[in-house]
Amino acid sequence: MDDIKVNQNPKLGSLDRPNSYIGRSLPRENAKKHLDGGGQFVDDLTLPRMVHVAFLRSPFAHAEIKSINTNDAKKSDGVVDVFTAKEIDEVCKPWIGTLGHLGEMRSPEQTPLAKKIARWQGEPVAVVIADSRAQAEDALELIEVDWAEKEAQVDMETALDSNAVVIHPELGNNLFWTRTVNQGDVEKAFKKADAVVEATLDFARHTGVTLESRGIVADWNKAENKMTIYHNGQAPHMMQHIIAKHLDLNEGLVRIVSRDVGGSFGIKVHVYPDEMAVTAISKKIGRPVKFIADRLESFTTDIHARCHKISGKLGVDKNGKILAMEIDDLSGIGPFSMYPRTSAIETNQVLNLSGAPYVIPNYKAVGTVVFQNKTPMCQYRAVGHPIAVAITEALIDKAAYKIDMDIDKIRKINFIPDNAYPNKCPSGVPLEDLSHEASMDKLLEIMDIKEIEAQNEEDFKKGVLTGHGVISMCEVTNPSPLFYGVGGAHISSQDGASIRLEGSGAIHLSSSITEQGQGTEAIMKQIAADQLGVKMESVRVTLGDTDATPYGGGTWASRGAGIGGEAVLKAARKLKDNILNIAAAIMQTDKDTLDIEDNNVIRKNGGEGITLQKLAETVYYRGHELPKGTNAELLATASFLIEGIPFVFTNSAMGCQVSIDQDTGIIKINKFWAVEDCGTQINPKLVEEQIRGGVIQGIGGALFEECVYDNQGNMQNATMADYLVPMAYEMPDIIVDHVTTNSGRSIIGAKGAGEAGTGGAPAVIMNAVNNALKQVNAEVVSQPITPEKILKALGKI
Amino acid sequence: MKAAHFSYHEALNLQDAIKIKAHDDESVILAGGQSLLPALNMRLSSPTCLIDISKISGLNEIKIDGQTLFIGALATHSDVMNNKTVKNNMPCMFDILKMVAHPAIRNKGTHGGSIAYGDPAAELPALAVATNAEIIVSGQNGDRSINAKDFYLGLFETTINQDEIVVGIKYPLLKKGQKIVFDEVCRRHGDYAMAGLIANVMGSKNDIKDLKLVFFATGDKPDVADKTARLCLENGYDYDKLKNSLSTEIDFAGDLNSSSEMKLHLATVLIKKVLSKLEI
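Residues numbered from 1 in each chain as written. Chains lettered and ligands numbered in written order. Predicted model: local features only at pLDDT ≥ 70, side-chain atom pairs only at ≥ 80, totals over all residues. Heavy atoms only, no water.

Engineer: How should I be thinking about a negative patch on the surface in this particular structure?
Structural biologist: All names here are of chain A. Taken together, the side chains of D404, D406, E453 and E457 define an acidic patch exposed on the protein surface. Position of D404 relative to the elements: it lies in the loop between α10 (385-403) and α11 (407-414). On the accessibility criterion, D404 (73% relative accessible area) is exposed. (Patch = residues over 30% accessible without salt bridge, like charges linked within 9 Å, V, L, I, M, F, W, Y side chains within 5 Å. Areas by Shrake-Rupley, 256 points an atom, 1.4 Å probe, with all protein chains shown as cover. Salt bridge = Lys/Arg side-chain N within 4 Å of Asp/Glu carboxyl O. Lys, Arg positive; Asp, Glu negative; His and termini not counted. Charge placed at Lys NZ, Arg CZ, Asp CG, Glu CD. Helix = DSSP H or I, 4+ residues; strand = E, 2+ residues; numbered from the N terminus. Buried < 20%, exposed > 50% of the residue type's maximum accessible area, 1.4 Å probe, protein only.)

Engineer: Sorry, what's going on with the interface of chain B and chain A here?
Structural biologist: Interfaces are often described in size by the accessible area the parts lose on coming together. The interface is formed by 27 residues belonging to chain B together with 34 residues belonging to chain A. Roughly 2,500 Å² of surface becomes buried between chain B and chain A when both sides are summed, with 59% attributable to carbon and sulfur atoms. Considering only the side of chain B, the residues that lose the most area to chain A are B:M1, B:R187 and B:R188, jointly responsible for 30% of the buried surface there. Run the count over chain B and chain A and you get five salt bridges. As a salt-bridge pair, A:D138 and B:R43 come within 2.8 Å of each other at their nearest N and O atoms. The set of elements that each furnish at least two residues to the side of chain B that touches chain A consists of α11 (239-249) and α12 (260-275) of chain B. (Contact = heavy atoms within 4.5 Å. Buried area = accessible area lost by both parts, 1.4 Å probe.)

Engineer: Please clarify how the sheet that holds strand β24 (residues 594-597) of chain A should be interpreted in this entry.
Structural biologist: Hydrogen bonding along the main chain pairs the strands of a sheet, whether they run parallel or antiparallel. Residues and elements named next belong to chain A. Reading across from one edge, β24-β25-β26 is the order of the three strands in this open sheet, with antiparallel pairing throughout. Taken across any chain shown, the strands that pair with only one partner, and hence form the sheet edges, are β24 and β26 (610-611). Bridge count between strand β25 (residues 600-603) and β26: two bridges; the pairing is antiparallel. Within the sheet, the bridge partner assigned to V601 lies in β26 and is I610. Together, β24, β25 and β26 form the strand contacts of helix α15 (residues 560-587), whose direction differs from that of β24 by roughly 120 degrees. (Pairing = 2+ DSSP bridges. Axes fitted to C-alpha atoms, helices over the stretch in contact; angles between N-to-C directions.)

Engineer: What exactly am I supposed to notice about the pairing of strand β7 (residues 142-147) of chain B here?
Structural biologist: A regular strand places its side chains so that they alternate between the two faces of the sheet. Residues and elements named next belong to chain B. Sheet topology places strand β6 (residues 134-139) next to β7; six bridges connect them, and they run antiparallel. In the strand pairing of β7, V137 is matched with R144. What sits between β6 and β7 in their antiparallel hairpin is a turn of two residues.

Engineer: Hey, could you run me through the nonpolar core in this one?
Structural biologist: A general trend in soluble globular proteins is that nonpolar side chains are found buried together. All names here are of chain A. Of all hydrophobic cores here, the largest spans 81 residues; its most connected members are L314, F672, L703, I765, V769, L773 and I790. Filtering out sequence-adjacent residues up to four positions away, I790 remains in contact with I660, G665, I667, V769, L773, V780 and I785. Within the second largest apolar cluster, 76 residues are counted, among which are A85, M156, A218 and I416. (Core = buried A, V, L, I, M, F, W, Y, C linked by side-chain atoms within 4.5 Å.)

Engineer: Could you clarify how one ought to interpret the pattern of salt bridges in this entry?
Structural biologist: Side-chain pairs of opposite charge can arise whenever the charged atoms involved come near each other. Taken as a whole and judged by the stated rule, the model has 54 salt bridges over all chains. The partner of A:D89 in a salt bridge is A:K115, with the nearest N and O atoms 3.5 Å apart. Of the two residues, A:D89 is situated in helix α3 (residues 85-89) and A:K115 in the loop between α3 and β4 (117-118); the sequence distance between them amounts to 26 residues. We classify A:D89 as partly exposed; its relative accessible area is 23%. Salt-bridge contacts for A:E393 lead to A:R411; the nearest nitrogen and oxygen are separated by 2.6 Å. With a gap of 18 residues between them, A:E393 in helix α10 and A:R411 in helix α11 connect regions that are remote in the sequence. What emerges from the salt-bridge pattern is a single network uniting A:R57, A:R133, A:E137, A:D138, A:E141, A:R214, A:D274, A:E275, A:D294, A:E297, A:D302 and B:R43.

Engineer: When you look at the packing of α15(A) against helix α16 (residues 612-621) of chain A in this model, what are you seeing that I'm missing?
Structural biologist: Helix-helix packing is described using two parameters, namely the angle between the two axes and the distance between the axes. Residues and elements named next belong to chain A. Contact pair α15 / α16: the axes reach a minimum separation of 11 Å and the direction vectors enclose 80 degrees. Comparing their axes, α16 and α15 come out roughly perpendicular. Between α15 and α16, the contacting residues are I579, I582, A583 and I586 on the first element and L612, L615, T618 and V619 on the second. Looking at the contact of α15 with α16 residue by residue, the classes come out as seven nonpolar, one polar and no charged. (Parallel < 35°, antiparallel > 145°, perpendicular 65-115°, else oblique. Nonpolar A, V, L, I, M, F, W, Y, C, P; charged D, E, K, R; others polar.)

Engineer: Where do I start with the sheet that holds strand β27 (residues 635-640) of chain A in this structure?
Structural biologist: All names here are of chain A. Taken in spatial order, the four strands line up as β23-β22-β21-β27 in an open sheet, and their pairing is mixed. Edge positions in the open sheet fall to β23 (539-543) and β27, since each of these has one partner strand only. Each strand of the sheet is rotated relative to its neighbour by a mean of 15 degrees, with strand direction disregarded. The sheet contact formed by strand β21 (residues 495-501) and strand β22 (residues 507-511) spans five bridges and is antiparallel.

Engineer: Help me understand a nonpolar patch on the surface, please; the structure alone is not making it clear to me.
Structural biologist: Taken together, the side chains of A:L296, B:M42 and B:L44 define a hydrophobic patch exposed on the protein surface, amounting to about 280 Å² of accessible area. Note on placement: B:M42 falls in the loop between α2 (36-41) and β3 (49-52). Of the residues examined, B:M42 reaches a relative accessible area of 31% and is grouped as partly exposed.

Engineer: Is there a simple way to think about the packing of α10(A) against helix α18 (residues 756-773) of chain A in this case?
Structural biologist: Residues and elements named next belong to chain A. Between α10 and α18, the least distance of the axes is 8 Å, while the angle of their chain directions is 30 degrees. Comparing the axis directions of α10 and α18 gives the class roughly parallel. Seen from above, α10 lies across α18 with right-handed handedness. In this structure, α10 contributes H385, P386, V389, A390, E393, A394, D397 and Y401 to the contact, and α18 contributes T758, G759, G760, P762, A763, N767 and N771. Residues that form the contact of α10 with α18 fall into these classes: seven nonpolar, six polar and two charged. (Left-handed = near helix turned anticlockwise from the far one by under 90°.)

This is a description of form; function is not addressed.
Below you can see the structure in the form of C-alpha cells.
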C-alpha cells in the first residue's frame, strides 16, 4: 500500500517529488529484525559476572513483618547474598509519589522493599541474589518471615468509612486526592432541563499485559563511578534522573539503555520498587544484576488501572440540546501513589475529558481517589479516557432514548462545531483543530446505519439481540510541560533530534523518542529522509540510549510523532540548509538554485550536481578545498515542545454492532468502525495499527479483562490462562478511516494516535450492548461485560 | 517462575518407565508437558523425577482394534484431529479437539495426557465417560483396562496406581444410529469452558431412543446426568424441569468465570444446543 492521499499538509511540500515519504505506508525495517528473532531485549543480555535476583513478595494484602530470618537462604546453593529493606535502604533513598500542580496529594514515603508492613499482595519484602534465577527461587523458599496478617482495606467504596482500615495511620484516613471542577451552575440548569438521565457505571481493574515483561540489568562500574542500566522502559532520561537522585549518583554518569522493548502501554513508564532494588543491589555488590519479572510478578506488581465507579447525570432540553452534565468518580489506587507521575492522573483525566466533544455550558465533576490494599494503580494507555468516554456516551444514549431522538442526531446537534475552534472542554481545558462533525459524518457514511438497523430488527425476530452504537471522543496527546513538569517532576516535555551526514554519505539520526514496537524508528526515518531528500535506506536511527541520543521525554501519551517527529523535521531542515550552503560554495552558485533529491544535490534548472557522498568527502577529508570561512557543519540538532496549550488533542468517532446470545450471554462484536483525526499521518499503516491495537485493548476492557480479587485482597487470576485478553478469535473486523485536521502547533501537523482505540472502544461496545438489551428492557452498567452479567441483566440467572 | 530441582529420565521403553515410576512415589510422567510444565515452573508441583515417555515408540498408534477405536496415549491432539481412521469412526473428535486450546498446544499435548490428568474442565475425560471408553493402563503386573466412569474419582484424581501409565484409550465403535454430539460455552475460543456437554445419542432429532449426558467444567470430574437424560427422553426439552433435575443431580462448583448458578443455567441450555445439532 502506498497511499499519499492522506498527506494534506501544504507545509510539507508537494507530494509528487522524489523522496516524499511522509504519508506513505512504507514497511518498517525493524519488523523484519523481530521476525528474524534478531531483536535485543533486556533478557537477551548477559554481562560478565552478572547475577540474578528473585524477590520474596508479600503473600498477604496487609501484614506486619515481625521478623525475617535469611540465614538458611544465604547458605543455599549459588546464593551471593540476601537483602531486606535494611540493606537496600542504605543505598537507595525513599520516594514520594506526589506532585505539586494538582492540589494536595497525600502519599507516604515508599522504599524498594517493604519495611515492617507489607501493603499489597506482591509487594517485595526481601531479595535473593544468586548465580541463576532458579537458584534464587530455591533460596526464597528458605527465607522465614514471621507474618502477622492484618485486616485489609480491599474495597474502595468503603475506604473512607469511619470503620475503614487506615492503611497509613499517619495520614488519618485513606484519602489520596480529590478534585472538583465546577463550570456554570448545574443545579439551575438541571431544573430547566426537559429530560434528565442518570447512570452509574463501574469499571474493573485491569492491567497492560505487555508481551515482554518488565526487565532491568543494572551494572555499577565502581572504577568510573558509572551506573549503566539496561531497561525496557519508555522514558530513559526520566529514569536517569530518578536513579541518580535516589542512589545519590552523578546524573551525568548514569546511562540508561532501552533497546528493543516488547510493548509498554504506559506500564513501563513508572518507577517500580523491585527495579529500584536491583539498581541498589548492583551499587552495593559491584556486579551486574538482572531482574526479569515473571508473569505472576507482572500481574501482581505491574501497575493496574481503571478501577473506577462513576455516577453521572445529564440534562437536555426537548430538542436534545445538552444543558448540564454532572459526574462523581471514585477510584482506588492501591496503597501508594506511583512515582513520579502520581496516581491522580487517571481521575484527573476523567474530570477533564468527560463531555469533551460537546457544548455543555454547565458542568460539575468530582473525583475522589483512595488508598486500598491492592496492587498500585497508575497511568495505562488512554489514561482515564475509557471512563470519561463511557459515562458521557452512555448518558447521551440514555437522553436520546428518553426524548426519542436518533443517537447520531443528538450527538451532531451538541458537538462543538468544527469551525468553532479554538474552544474548550466543558471542564475548561483548551481544545483546537478538532473535527467531531466531519468525523461523525464519515463514520456514518462507512457504517451504513440503515442497513445495521435493519439487521438489528431481523435478528430480533430470530431471537438474537443485536444492537449498535456510535460515539465521539477527544484523545489527549502531545502533552506540554503543564502535564508533569509544572508539578515538579523531572520529565522532559521537550524532545530532541540530531542528524548528521557522515563521510560515507550515510545519514545518522538520533532522537530522544523511544520505540516499544509501534514503529517509532520507521516514522523518524521517513520524516528525516523526506525532509532531507534522501533514500530511506541511507538513514539509520539510534533511539533509547542516554549516552547517544539528545535529551528528551521518551514515548508516552502519544507524543512520538507530534513532538519527536517535529524535532526530526526541524533538524533535517537545518541539515539540509547547511548542506545546500556548502554545495553552493563548492558549485559556486546561489543556494536557492539547489535542492536535494535521492542523495544528490541537484541544480533545479538542470546541469550537473554533486552527490552527498562527494560533498561529505570534500568536507571531511579535503576541507581545504572549501572557500575559507565556509560553515561546513554536517550535523544539525533541533528540539521541539508544545507551547501555549496543555495538550494537542486528537478526536475520533467510533461505531460497532454486537450480537448477544440470550442463552449463553456471549457477546459477539460483528464489526467495528473507527474514524480518527490525528492530523498528518506519517505512516498511515502504522496509524491504523495503533487504532486497531488500541481497539483490541478496548475490547479487552469492555468484555474480558479484570484483575479479580477476593475479599482478603488476594489476586485470583494472575495467569494468562485466567486473566482474559482478547485473542485473534475475539478480534472483529475493524474498519479504519480518517479525517485530517492538522495541528497548528507544528509544521508537521501530526497529533497522537495511540489512545483513541483503547479509550473509545469500551464506551461504544457498552452502548451497542445496551442498545441490543434495550429491546428486552435490560441494561448492563459494569465492565467487563461478562456473559454472567448479561444473563443476570436478562433475568436468566 | 523456574522449576525446583528434579531429575530427568528419558524412558527407553514402557517397562523402563514403569520401573522408575514404581520405585519413586514422587516421580511423574512427562508426555506433552502442556499441563505439567507450567505447574512445575510455578512450583505448584515439585516431583523428584520426570519420566519422559515421549520417545517411546508405538505409543502414538491409532487403529481399529476389534469393536473399538484405539488411540495411543502419545498421539497428540493434532495427530488425532488429522487422522483418517478417527475421522471415519469418530467424527465428533475433530469438533471436540478444535476446542482444546490452540494449535501450538495441540501439537504437543497428548490424548493420554489429557485422559490421565483428569482435569474436570477438559473435554476428553467427559468424552471417554460419555462413550463408555476403556482406559488401558500398563503397570508392574501387566495391563489392565478401566472403564472411564470408574477411572475418575475427583479433582485431578484417578484410579491409576503409582506404578501405572496410561497407554491408550479404547472407544467403542459407534453403532448404527448412534451419534456423539458436543457443545461448550467459553469466554474465549480455546479457553476452558464455563460448561460443556457431550451427549451420546441413539436415534434422530425427532426420535431419540437413548440418551446419555456427560457434562464437564461443572464439578470435580465428568458429571454424568442419567436422571436428567431420562427426563429429557420422556418429556422432551423443558428448561425449567431439566434445570431442576440437573440441580439435584450435579453438584455445580463455581469458578472465576461462572458461578454455580451460571453453570447450572448453561448446562441446561447446552442440552438444547446439543440436541439441536442432531439430524432430523
